[in-house]
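A look at the structure
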Number of protein chains: 2
Amino acid sequence: MVALRQMHIQVITIFRTYSTVMRKLWMLVCMGTVHLTVNAQYVADSTFIKRIADNMLESNTAHDYLYHLTKRIGGRLAGSPQAAAAERWGLQVFQQLKADTAYWQPCMVPHWVRGGKDSAVLVYRDNFDITRTQVLNCLALGNTIGTGKQGVKARVIRINHFDELETYKAIIKGNIVFYNAPFEQTFIETFKAYGKNATYRSTGPSKAARYGAAAVMVRRMTHAYDNHAHTGATVYNDSFPKIPAVAIGLKDVALLNQLFDGKRQQPFVHLFTNGQMLPDTIGNNVVAELRGTEFPDEIITIGGHLDSWDVAEGAHDDGTGIVQTIEVLRVFKALGYQPKRTIRFVLFANEENGTRGAKAYADAAKQRNEKHVFALESDAGGFTPRGFGITASNEVFEKIKSWASLLAPYYGNNIVRGGGGADIAPLNRAFNTPIAGLQPDSQRYFDLHHAITDVFEAVNIREMQLGAVNMAALIYLVDKYGL
Amino acid sequence: MVALRQMHIQVITIFRTYSTVMRKLWMLVCMGTVHLTVNAQYVADSTFIKRIADNMLESNTAHDYLYHLTKRIGGRLAGSPQAAAAERWGLQVFQQLKADTAYWQPCMVPHWVRGGKDSAVLVYRDNFDITRTQVLNCLALGNTIGTGKQGVKARVIRINHFDELETYKAIIKGNIVFYNAPFEQTFIETFKAYGKNATYRSTGPSKAARYGAAAVMVRRMTHAYDNHAHTGATVYNDSFPKIPAVAIGLKDVALLNQLFDGKRQQPFVHLFTNGQMLPDTIGNNVVAELRGTEFPDEIITIGGHLDSWDVAEGAHDDGTGIVQTIEVLRVFKALGYQPKRTIRFVLFANEENGTRGAKAYADAAKQRNEKHVFALESDAGGFTPRGFGITASNEVFEKIKSWASLLAPYYGNNIVRGGGGADIAPLNRAFNTPIAGLQPDSQRYFDLHHAITDVFEAVNIREMQLGAVNMAALIYLVDKYGL
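Calculation notes
- Residues numbered from 1 in each chain as written.
- Chains lettered and ligands numbered in written order.
- Predicted model: local features only at pLDDT ≥ 70, side-chain atom pairs only at ≥ 80, totals over all residues.
- Helix = DSSP H or I, 4+ residues; strand = E, 2+ residues; numbered from the N terminus.
- Buried ≥ 20, exposed ≤ 12 C-beta atoms within 10 Å, placed from the backbone.
- Contact = placed C-beta atoms within 7 Å.
- Pairing = 2+ DSSP bridges.
- Axes fitted to C-alpha atoms, helices over the stretch in contact; angles between N-to-C directions.
- Expected span 1.5 Å × (residues − 1).
- Arc of directions from axis to C-beta.
- Domains from an automatic or database assignment.
- Nonpolar A, V, L, I, M, F, W, Y, C, P; charged D, E, K, R; others polar.
- Least-squares fit on C-alpha atoms with pLDDT ≥ 70 in both.
- Core = buried A, V, L, I, M, F, W, Y, C linked by C-beta atoms within 7 Å.
- pLDDT = per-residue confidence, 0-100.

With that settled, consider the overall build of chain A. When its secondary structure is counted, chain A shows 15 helices and 16 strands. Structurally, chain A occupies a C-alpha span of about 120 × 55 × 40 Å along its principal axes. Expressed as a percentage of its 483 residues, the buried residues of chain A come to 52%. Within chain A, residue pairs in contact and separated by at least 24 positions form 82% of the contacts whose partners lie at least 6 positions apart.

On to the sheet that holds strand β7 (residues 215-219) of chain A. Residue and element names in this part refer to chain A. The strand order across the open sheet formed by 8 strands is β3-β2-β9-β5-β6-β7-β8-β4, and the pairing between neighbours is mixed. Of all the strands in the sheet, the pair left with one neighbour each is β3 (131-136) and β4 (138-140). The average angle at which neighbouring strand axes cross in this sheet is 30°, direction not considered. Note: β7 against strand β8 (residues 245-248), 4 bridges, orientation parallel.

Residues and elements named next belong to chain B. Taking 1.5 Å of rise per residue, 12 residues should cover 16 Å, and helix α9 (residues 250-261) covers 16 Å from first to last C-alpha, within 8% of that figure. Turning to α9, its buried residues number three or more, namely Leu250, Asp252, Val253 and Leu256. All buried residues of α9 project into a common sector of 150° when viewed along the axis, lining one side. Residues Ala254, Gln258 and Asp261 are exposed on α9 and point more than 90 degrees away from its buried face. Elements that come into contact with the buried residues of α9 comprise β3 (131-136), β5 (152-159), β6 (176-179), β7 (215-219) and β8 (245-248). After α9 finishes, the residue Lys263 shows a positive phi value of roughly 65°.

Pairing between the strands of a sheet comes from backbone hydrogen bonds, and it takes one of two forms, parallel or antiparallel. Residues and elements named next belong to chain B. The mixed open sheet is built from 8 strands, whose spatial order is β1-β10-β12-β11-β13-β16-β14-β15. Only two strands of the sheet have a single partner each, and these edge strands are β1 (101-113) and β15 (414-417). With strand direction ignored, the average angle separating the axes of adjacent strands in the sheet is 20°. As judged from the 6 bridges shared by strand β14 (residues 385-391) and strand β16 (residues 435-440), these two strands associate in the antiparallel manner. Bridge pairing in β16 links Ile390 to Ala436.

Residues and elements named next belong to chain A. The assigned domain composition of chain A is domain 1 (46-113 + 278-481) and domain 2 (119-274). Averaged C-alpha coordinates put domain 1 and domain 2 at centres separated by 34 Å. In terms of residue class, the side of domain 1 that touches domain 2 is made up of 8 nonpolar, 6 polar and 2 charged.

Further remarks concern the relation of the copies chain B and chain A. With an RMSD of 0.0 Å, the operation that places chain B on chain A is a rotation of 180° combined with a shift of 0.0 Å along the axis. Accordingly, the operation relating the two chain copies is best matched by a two-fold axis. Comparing contact sets, 100% of the residues at the interface of chain B also lie at the interface in chain A, consistent with an isologous, same-surface contact.

To continue, consider the interface of chain B and chain A. Taken residue by residue, the interface counts 22 residues in chain B and 22 residues in chain A. Looking at the side of chain B that touches chain A, the elements that each hand over two or more residues are α1 (2-57) and α15 (461-481) of chain B. Per-element tally for the side of chain B that touches chain A: the top contributor is α15(B), with 4 residues. Residues of the side of chain B that touches chain A, tallied by class, amount to 8 nonpolar, 7 polar and 7 charged.

Right, let's talk about helix α11 (residues 356-367) of chain B for a bit. Residue and element names in this part refer to chain B. Given a rise of 1.5 Å per residue, 12 residues ought to cover 16 Å, and the 16 Å separating the end C-alpha atoms of α11 matches this to within 8%. All of the buried residues along α11 are Arg356, Gly357, Ala358, Ala360, Tyr361, Ala362 and Ala365. Looking at the buried residues of α11, the elements they touch are β1, β10 (276-290), β12 (341-348), β13 (371-377) and α14 (425-431). With its phi angle positive at about 55°, Asn369 sits one or two positions after the end of α11.

Here the focus is the nonpolar core. The biggest cluster of nonpolar side chains holds 133 residues, and the ones touching the most others in it are Ile176(A), Val216(A), Val246(A), Ala473(A) and Ile475(A). With 13 residues, helix α15 (residues 461-481) of chain A is the single largest residue contributor to this core. Split by domain, this core shows at least three residues from each of two domains, domain 1 (46-113 + 278-481) and domain 2 (119-274) of chain A. Once residues lying within four places of it in the same chain are set aside, the contact partners of Ala473(A) are Ile49(A), Ile52(A), Leu406(A), Leu407(A), Tyr410(A) and Gly412(A). Counting 132 residues, the second-largest nonpolar core is a separate cluster that includes Leu141(B), Met221(B), Phe446(B) and Met464(B).

What follows is about the environment of Gly75(B). All names here are of chain B. Its place among the elements puts Gly75 in the loop between α2 (61-73) and α3 (81-96). Gly75 sits 236 residues away from Val311 along the chain, and the two C-alpha atoms are 6.5 Å apart. Setting aside residues up to four positions removed in sequence, Gly75 forms contacts with Gln82, Ser308, Trp309, Asp310, Val311, Ala312, Glu313 and Gly314.

In this section: the confidence of the model for chain A. Per-chain confidence: chain A averages 94 in pLDDT, with 92% of residues scoring 70 or above. Both scores are available for the predicted complex, with the pTM at 0.92 and the ipTM at 0.91.

The structure is reproduced here in structure tokens:
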């Protein structure tokens, strides 16, 4: 009995050992297979992304597209002949690249015109009490009204912070409010400085008008060592009178501050601007599609905005985003990539002073009950890439982050929370679509943002192309694996 | 007995439980203390580095130093009056910043002069068999001899790779070898393309002379879309005749290749260059010290090279490295930082065509039996930083890498193996000193390297300053914790 029982136990032990071993072996095989599969996928993805990069870096097309858009067409504010030319060009490019379909998506856009040269002359007394004049570098802010032919000649009231409007309210009426809040130099991510300061440009005129100001001057927001002004949108609050508003260059700001700091509190400025808001007109989003082979109803959007301010060539804002978008289509076609999902390439209309293109795109998506699974925008300049900012659920964020090592060779691996773009934000609001924004290095952006320095020559083609490589890679990964 | 024994066991159990709990508690306290200490140190380091960054980003000094060095002094090749002016300026700056000591360290340097304008005229037959001429954008390579007043007029032999010298040896004699190896576009780290290609510039002339070539033309190594040539050092092999050598711009290279590809294999070039190597002259490393308070004999070196090629302003190569080095001293003084170890700030002489300053510095260190614990160079351009390349033991590498999160807010956290700089490499060879090189983004570097485009305007001051922030931070950490 004992022997039998022992044998029995032995058999059971052997069997158990055997099955444990087999189970472990089987697990190892499974894990190995999974591991091998994962690894093979990683190699395949990495290889495909390298093909994207090689193709883009060895091609001149990005250079040629940007040259045409900036030098041949130029600044292209909504409603301008240049905006229309850019729309025609964009459609033609999409057709030449043999997208499955390419079309205009019309929308009504605001039509602001600068109307002539902006001018500001400072009149002040020097240390010898002699009256002096100094022409200030200025640009009227976008959407603002003009001063009329007589201009506005008035005393300048320096306001360092919105709070001071209340402090100085007794002397603001009829005078020119000069917002002197400095652009933060110590924020490493320069868009944070912009986030803090841009409100003086966008809401400052109406806030001053509330106290009866005749006009507004804001400091240029820049890290550059020059005296250029900038433009950029003002949004009037309809509760208060619309008043003219300009930005002025920082060397002129320094002169003004010298006068105020020297207690010669009576500088005057004679301001002439000619801005005018004409009736809304027709603009177009330019759209191309590669139709999905497996999930054609799932839409991935990639884009930038085609319009730009009038004063320069809209090279970094947002010519580079446009060219990157086109380059992603071009390289997908060149490599014969057939997406599982439908990829929409969108050159948005009127981002700068209305975002009407963005609204039209989201509205149409709602009407058609489209399924928008992801959207990516490039509108932070064509500088050397650092990564992507993501607005999405934790799960989606972590999934995108898990691809970072595939983007690292192209410097796109810094995946952070928050970000997207003004043109795709409505998709996120409407459908909770995960959205992403390319984040290039931001050190040079405010050297040229909305200023006359935003020209073709300020773009390094390789930096722009590296951004496009990362955009194509991310779109490819989202298309392949879903979110 | 049983009761007693049970009591005994209970007491022992309680005691054991008590001591286990106490031991665990004690361990927690210890770990907590260690954790708190580590955390407090981290906060202190992070705070100090933020003070460095704030100070640098709010200061104009980096801009002003670079402006003086590039615009007021200009290109400053060893032996030139500009090099001497730069040495005087550097010493003066160090003295003004109240370094503990500042001095010149003299050394003999080569004295090459360009001697006049370089010229190359292509003579070829067009499709209608009409003889045409085309002036080529060219620059004589540094250290090369001139062509003499008659110039060199000879047939051009295209060589795509060194291997082809043997293939074409029958026709090379008396003719001009045109090295046509293209600069790699697909390497994301552009210095790798340089590493692969620069040998045609440095060793190509002597390799062609071995086969009796009369002169050499090399392609410019660049990613730029322009037709500028570059200069840069050639190193003659004394076994073969010295022959003139130039680089030519890429649009001219394209024309030459059209001729060769069109089988009109007989383009001629008429070349004039005037280079001359004069007798060695005196140059100086410019050195400043902050003496260590605890370990004054342990020396940390930080530097860049003060010389530059003659054709431009030596802005990125290496004006920015010089200014960053000065800025680290300035900010340490401004913040009242007293280093534990001795920090040497060195503006090296003659990196470009001899590295004699580097040798003199290492030789003096050997003679004085100095203890060099770390050296850091910035000589890869003043672009937005990405990290540091480290040549050191695994242990030292890992220690430096452990500081990455402190550098991350300033984009200096990509710590990789390999790197340093031509001026500090001799220290590594002599003492096995760990060396590091700042690694800025490299996309734009070869747009301007050794070309007329390397001017002040090509530098973004914030990008340069961010590099200096990371350099100061790394020196601070090495000084505080040792390696």
